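So the chains spell out like this:
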Amino acid sequence: MKQLVESRAHVAYVAFVVHRLSGISLAVFLPVHFLVLGLVIESTAALDGFIAWTDQPLVKAAEAILIVLLCVHLAGGLRLLLIEFVVWNDRQKLFISGGFAISLAIGLLFLLNG
Amino acid sequence: MVSDIKVEIFKGENGQGDFVAYEVPRLESQTVLDVVTYIQRKLDPALAYRFACRVGMCGSCAMMVNNRPRWTCRTHVEEVVKQGQLKIAPLRNLPHIRDLATDMAPFFDKMQKAGGCFVADATVPQHMLEIDPLSAARQEVDAGIECIGCAVCYAACDVAAWKADYVGPAALNRAWTLVKDERVADVNWYLKQVALDGGCTSCHTQGACSVHCPKSLNPSRSIAGLKQAMANAFLKGVL
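Every chain's residues receive numbers from 1 upward, in the order its sequence appears when written. Written order determines the labels here, with chains lettered from A and ligands numbered from 1. pLDDT decides what is reported in this predicted model: residues at 70 or higher carry local features, side-chain atom pairs at 80 or more are listed and counted, and totals for whole chains, interfaces and linings draw on all residues regardless. Side-chain measures here rest on the full set of heavy atoms in the structure, leaving out hydrogens and waters.

Is there a simple way to think about the packing of helix 4 (residues 57-86) of chain A against helix 5 (residues 92-113) of chain A in this case?
Packed helix pairs are specified by the crossing angle of their axes together with the interaxial distance, meaning the distance between the axes. Residue and element names in this part refer to chain A. At a minimum axis distance of 8 Å, the contact between helix 4 and helix 5 shows a crossing angle of 155°. In terms of orientation, helix 4 lies roughly antiparallel with respect to helix 5. Here the hand of the crossing between helix 4 and helix 5 comes out right-handed. Packed against helix 4, whose contacting residues are Lys60, Ala61, Glu63, Ala64, Ile67, Val68, Cys71, Val72, Ala75, Arg79, Leu82 and Ile83, the element helix 5 presents Gln92, Phe95, Ile96, Gly99, Phe100, Ser103, Leu104, Ile106, Gly107, Phe110 and Leu111 at the interface. Orientation is described by lines fitted to C-alpha atoms, with helices fitted over the stretch in contact, and by angles between N-to-C directions that extend from 0 to 180 degrees. Secondary structure follows DSSP: runs of H or I at least 4 residues long count as helices, runs of E at least 2 residues long count as strands, and numbering of each begins at the N terminus. With respect to orientation, any angle under 35 degrees is reported as roughly parallel, any angle over 145 as roughly antiparallel, any angle of 65 to 115 as roughly perpendicular, and every other angle as oblique. Left-handed describes a crossing whose near helix is turned anticlockwise from the far helix by less than a right angle; the clockwise case is right-handed. Contacts between residues were defined by any pair of non-hydrogen atoms, one from each residue, lying within 4.5 Å.

Below, the structure written as structure tokens:
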């Protein structure tokens, strides 16, 4: 019997999903990142050309999303390490929403400085 | 109250079947269990479901109500009814027997697998331990010990749905209350039980167990405590 489930509609589950999706996205990004860094082995001009290409607004926006993903993954990981290896704290909702808010703020700061 | 509630109840055997619609009169202070009982007594005597105490002590009447696991005897219709409708199904993650009844055996077997039995120190008769009810360890035990074994947490848990050998939040919560119990003979034995595949390391801290526990227990906290204790035991070389 296939059942529709609504028991996922709470903040800790959202944190779980965001942590997984950000982790997968970063895992996909890393090989591309290393590939781009590898351009310098061919020639510095190739790397410079790529860096110039990243100045486009859409690429900047994608970079901001990437930074948010990185921050949100870091915040989620630190929260889990804290409760699973150090001490439990009942204010999990505050930690989760705080991690999301700080990550978004850092992404916004990156865009404003870009 | 005059309006009726439109109730859909899953009917069938071994996971095969479909939802059947009924109309039940709406009453004041009516619980979901009252609704199911009305249907069995007045509309469909063949309806199978399980209950015993009706007062939130026995843990036998849990069902999926509008797609969420709940203890039906203490859930008022007014809390959960959506546009005059209720959808009631058997508990998720457990083998289906018939209609609203599931086989609870795997749930209790997993409690045993996670070391759910109390094994006291053999010297207790000679050296009776004095347990301070205000001590930190006992307070941690007290925080988790009121579990009634209703399997609501187990039905809410996605890991239990994804991983067949995952023992589940209730079993790990029980193990945590024993790990923190000063009277048990061998704490490391319990830690070895929960360190096995399907034990506490399988939990992804999704927190559905704590959100849905009708007794407001916090199995997520208990599982995090087990992970801490397990890591400490591993670092000390006893695991």
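Even after reading the chapter, I still don't get unusual backbone geometry, so can you show me in this structure?
A negative phi angle is the norm for most residues apart from glycine, just as the trans form is the norm for most peptide bonds. Residues and elements named next belong to chain B. The phi dihedral of arginine 54 falls on the positive side, at around 70°, and the residue is not glycine. Its identity is not glycine, yet asparagine 67 carries a phi of approximately 70°, on the positive side. Tracing the backbone through its elements, the reader meets asparagine 67 in the loop between strand 3 (62-65) and strand 4 (68-71). What makes asparagine 67 buried here is its relative accessible area of 13%. Think of it in three bands: with a 1.4 Å probe and only protein chains considered, a residue is buried below 20% of the maximum accessible area for its type, exposed above 50%, and partly exposed in between.

Would you mind going over a nonpolar patch on the surface with me for this structure?
A surface patch of nonpolar side chains, about 850 Å² in accessible area, is lined by Leu74, Leu78, Leu81, Leu82, Phe85, Val86, Val87, Leu94 and Phe95 of chain A. Those elements giving two or more residues to the nonpolar patch turn out to be helix 4 and helix 5 of chain A. Exposure above 30% relative accessible area and the absence of a salt bridge qualify a residue for a patch, where like charges join within 9 Å and nonpolar side chains (Val, Leu, Ile, Met, Phe, Trp, Tyr) within 5 Å. In this description, accessible areas are obtained by the Shrake-Rupley approach with a 1.4 Å probe, and a residue is regarded as covered only by the protein chains that are shown. Put simply, a salt bridge is a Lys or Arg side-chain nitrogen that is within 4 Å of an Asp or Glu carboxyl oxygen.

I would appreciate a short explanation of the packing of aromatic side chains in the present structure.
Both the distance between ring centres and the angle between the ring planes are used here to describe each pair of aromatic rings. Residue and element names in this part refer to chain B. Working definition: rings of Phe, Tyr and Trp (its six-membered ring) pair if their centres are within 6.5 Å, and the pair is stacked with planes under 30 degrees apart, edge-to-face with planes over 60 apart, and tilted otherwise. Under the counting rule described, the total for this entry stands at 8 aromatic pairs over all chains. Ring centres of tryptophan 189 and tyrosine 190 lie 5.0 Å apart, and the angle between their planes is 80°; on these two criteria the pair is classed as edge-to-face. For tryptophan 189, a relative accessible area of 34% gives the class partly exposed. Classification of tyrosine 190 by relative accessible area gives buried; the value is 1%. One residue, lysine 87, lies across the ring of phenylalanine 19, its end atom 4.6 Å from the ring centre. Lysine NZ or arginine CZ positioned within 6 Å of the ring centre and within 35 degrees of the ring normal marks a charge as sitting over the ring.

Just to check I follow, could you spell out the domain arrangement of chain B for this structure?
Interface extent is often summarised as the accessible area lost during association of the parts. Residue and element names in this part refer to chain B. Either an automatic procedure or a domain database provided the assignment from which the domain bounds are taken. Its domain assignment divides chain B into domain 1 (4-102) and domain 2 (105-235). For domain 1 versus domain 2, the distance between C-alpha centres works out to 29 Å. Tallying the contact residues gives 15 residues for domain 1 and 17 residues for domain 2. Once two parts are brought into contact, the accessible area they lose, counted with a 1.4 Å probe and summed over both, makes up the buried area. Interface of domain 1 and domain 2: buried area, both sides summed, is about 1200 Å²; carbon and sulfur atoms make up 63% of it.

Honestly, the nonpolar core in this entry has me stumped. Any pointers?
Across soluble globular proteins, nonpolar side chains show a tendency to be buried alongside one another. Residue and element names in this part refer to chain B. In this text, buried Ala, Val, Leu, Ile, Met, Phe, Trp, Tyr and Cys residues form a nonpolar core when linked through side-chain atoms within 4.5 Å. By size, the foremost hydrophobic cluster in this structure holds 64 residues, and its most contacted members are Val7, Ile9, Leu86 and Leu226. For this core, the element with the most residues is helix 7 (residues 169-179), which contributes 7 residues. Counting only domains with at least three residues in this core, you end up with domain 1 (4-102) and domain 2 (105-235). In contact with leucine 226, other than residues within four places in its own chain, are Leu172, Ala175, Trp176, Val179, Leu191, Val194 and Cys200.

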